[in-house]
Amino acid sequence: MGVRGRDGEYALECIDMASPDKIKTAARVREACVTSGFFYLVNHGVDPELLDEVFVQSKKFFDLPLEEKMKVIHDKNHRGYTPFEEEVLDPDVQSKGDSKEGYYIGVSVPENDPRAKKPLHGPNQYPSPDVLPGWQETMTRYHSELVILCKKVSRLLALALNLEESFFDKPGITDDAMATLRLLHYSEEISDVGRGIYGTGAHSDYGLLTLLATDDVPGLQICKDKDAVPQVWEDVPPMKGAYIVNLGDMLERWSNGLFRSTLHRVISRGIERYSVHYF
């Protein structure tokens with residue numbers, strides 16, 4: 001398997017949310033979605049101090065003893081903690097689970113709400129405020145901010161598909177979205193492709209879109225042609241202050257295959273890595 005790109009080289013399209021020219025911006029989004037299914041997003045409006053605090057609070061949680069983290073082990077609705085190596089995203093290739101641990105936070109639905117009867121719907125669970133004061137409040141605020149940003153991105157995607165800008169705002173599409181925040185912490189274990197050891201095994205996301213914020217440690221790679229032999233993997237280096245946006249399988253299906261849901265993975269390089277995903 002080949003790998004293209006070097007750390008510090010930005011091969012993806014960079015979309016500026018502050019651009020006044022929506023049509024030109026949408027055309028650039030379309031190009032990115034057709035060719036790679038990935039792009040950087042800058043001037044997105046999310047408070048950088050809030051994002052920094054999310055990373056601070058995320059690290060505080062993952063630094064807790066395992067016994068404390070296991071008190072909020074994920075429930076049937078996938079809310080809460082997921083331990084190291086629990087997930088195996090590419091079982092045909094991986095010899096062990098992903099070298100990461102995580103935490104899921106979704107849209108909070110009270111248990112007495114009729115929506116709680118739906119699969120994967122229900123209340124969130126959080127670390128005790130006695131252990132991590134302010135943790136829940138930070139994550140709740142960030143979740144709310146990302147709902148707003150995802151709505152803005154969906155409007156750009158609509159224009160990029162030559163649809164009316166508000167297309168994805170219609171009832172039944174994204175008005176009751178299963179929006180999930182996921183915190184991830186990668187260990188110092190070095191990935192070894194030959195031995196089937198990965199930070200995250202190769203996969204595509206299954207929803208509409210994903211917004212990724214990461215620290216300055218590289219590791220993300222994409223494969224634009226999953227059927228190529230051998231597969232060619234390209235590095236996607238972090239860009240300070242930017243989100244990395246990728247499309248999911250649902251949007252690929254909705255666009256009749258025009259927009260790409262691209263295979264991606266994480267190759268760990270012996271340095272701890274933190275990332276924050278919003279699905």
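What counts, and where the lines are drawn
- The residue numbers shown here count from 1 along each chain, following its written sequence.
- It should be noted that, the model being predicted, local features are given only for residues of pLDDT at least 70 and side-chain atom pairs only at 80 or more, the latter also being counted only at that level, while totals for whole chains, interfaces and linings use all residues.
- No hydrogens and no water enter the side-chain calculation; it runs on all heavy atoms of the structure.
- A run of DSSP states H or I qualifies as a helix once it reaches four residues; a run of E qualifies as a strand once it reaches two. Both are numbered from the N-terminal end.
- Throughout, exposure labels follow a simple rule: accessible area from a 1.4 Å probe, protein chains only, divided by the maximum for the residue type, with under 20% read as buried, over 50% as exposed, and the rest as partly exposed.
- Under the rule applied, a polar contact is a pair of N or O atoms within 3.5 Å (in protein, one hydrogen donor and one hydrogen acceptor; residues adjacent in sequence only if both atoms are side-chain atoms).
- Working rule for contacts: check all heavy atoms of both residues, and any pair within 4.5 Å makes them a contact.
- UniProt positions are given in the numbering used here, feature names are shortened, and annotations may be inferred rather than shown by experiment.
- Note on pairing: two strands pair once DSSP finds at least 2 bridges between them.
- Every axis in this analysis is a line fitted to C-alpha atoms, fitted for helices over the stretch in contact. Angles between the N-to-C directions lie between 0 and 180 degrees.
- For this classification, under 35 degrees means roughly parallel, over 145 means roughly antiparallel, 65 to 115 means roughly perpendicular, and everything else is oblique.
- Crossings are sorted by hand: turned counterclockwise from the far helix by less than a right angle, the near helix makes the crossing left-handed, and turned clockwise it makes it right-handed.
- As a working rule, the residues Ala, Val, Leu, Ile, Met, Phe, Trp, Tyr, Cys and Pro are called nonpolar, Asp, Glu, Lys and Arg charged, and the rest polar, with Gly in that last group.

**Some words on the side chain of Asp-98**
Positionally, Asp-98 belongs in the loop between strand E4 (80-82) and strand E5 (100-105). Under the relative-accessibility criterion, Asp-98 is labelled buried at 0%. Of note is the side chain of Asp-98, whose polar atom sits 2.5 Å from the side chain of Lys-100. Ignoring any residue separated from it by four or fewer positions in sequence, one finds Asp-98 in contact with Phe-84, Glu-85, Glu-87, Val-88, Leu-89, Tyr-198, Gly-199, Thr-200 and Gly-201.

**A word on the UniProt feature "domain: Fe2OG dioxygenase" (unreviewed entry) in the protein**
This chain's UniProt record puts "domain: Fe2OG dioxygenase" (unreviewed entry) on residues 176-279. For residues 176-279, helix accounts for 6% and strand for 38%, while the C-alpha atoms at its two ends are 13 Å apart.

**Side note on the pairing of strand E9 (residues 220-223)**
Side chains Leu-220 and Ile-222 of E9 all project onto a buried face; the interleaved residues Gln-221 and Cys-223 project onto the opposite face, where all are buried too. In terms of strand pairing, E9 meets strand E12 (residues 263-266) through four bridges, oriented antiparallel. Within the sheet, the bridge partner assigned to Ile-222 lies in E12 and is His-264. Pairing geometry for E9 and strand E10 (residues 232-235), over two bridges, is antiparallel. Each bridged residue has a counterpart across the sheet, and for Ile-222 the counterpart in E10 is Glu-234.

**Considerations on the sheet that holds strand E8 (residues 209-214)**
Pairing in this open sheet of eight strands is mixed, and the strands run E2-E3-E11-E8-E13-E6-E5-E4 from one edge to the other. With partners counted over all chains shown, the strands left at the sheet margins are strand E2 (14-16) and E4, one partner each. Along the sheet, successive strands turn relative to each other by an average axial angle of 25°, direction set aside. In this structure, strand E3 (residues 38-42) lies alongside strand E11 (residues 243-247), joined through four bridges in antiparallel fashion. Each residue of the ladder has a partner; that of Leu-41, found in E11, is Tyr-243. Of the strands in this sheet, E2, E3 and E11 are in contact with helix H1 (residues 22-35), which crosses E2 at around 155°. Against the sheet, helix H2 (residues 48-62) makes contact with E4, E5, strand E6 (181-186), E8, E11 and strand E13 (273-278), and its axis sits at roughly 120° relative to E13, the strand it touches most.

**Notes on the packing of H2 against helix H4 (residues 135-160)**
Running from N to C, H2 and H4 cross one another at 135°; their axes reach a closest spacing of 10 Å. Taken together, the axis directions place H2 and H4 in an arrangement best described as oblique. The hand of the H2/H4 crossing is left-handed. Packed against H2, whose contacting residues are Leu-50, Leu-51, Glu-53, Val-54, Gln-57, Ser-58 and Phe-61, the element H4 presents Trp-135, Thr-138, Met-139, Arg-141, Tyr-142 and Glu-145 at the interface. In terms of residue class, the contact of H2 with H4 is built from seven nonpolar, three polar and three charged.

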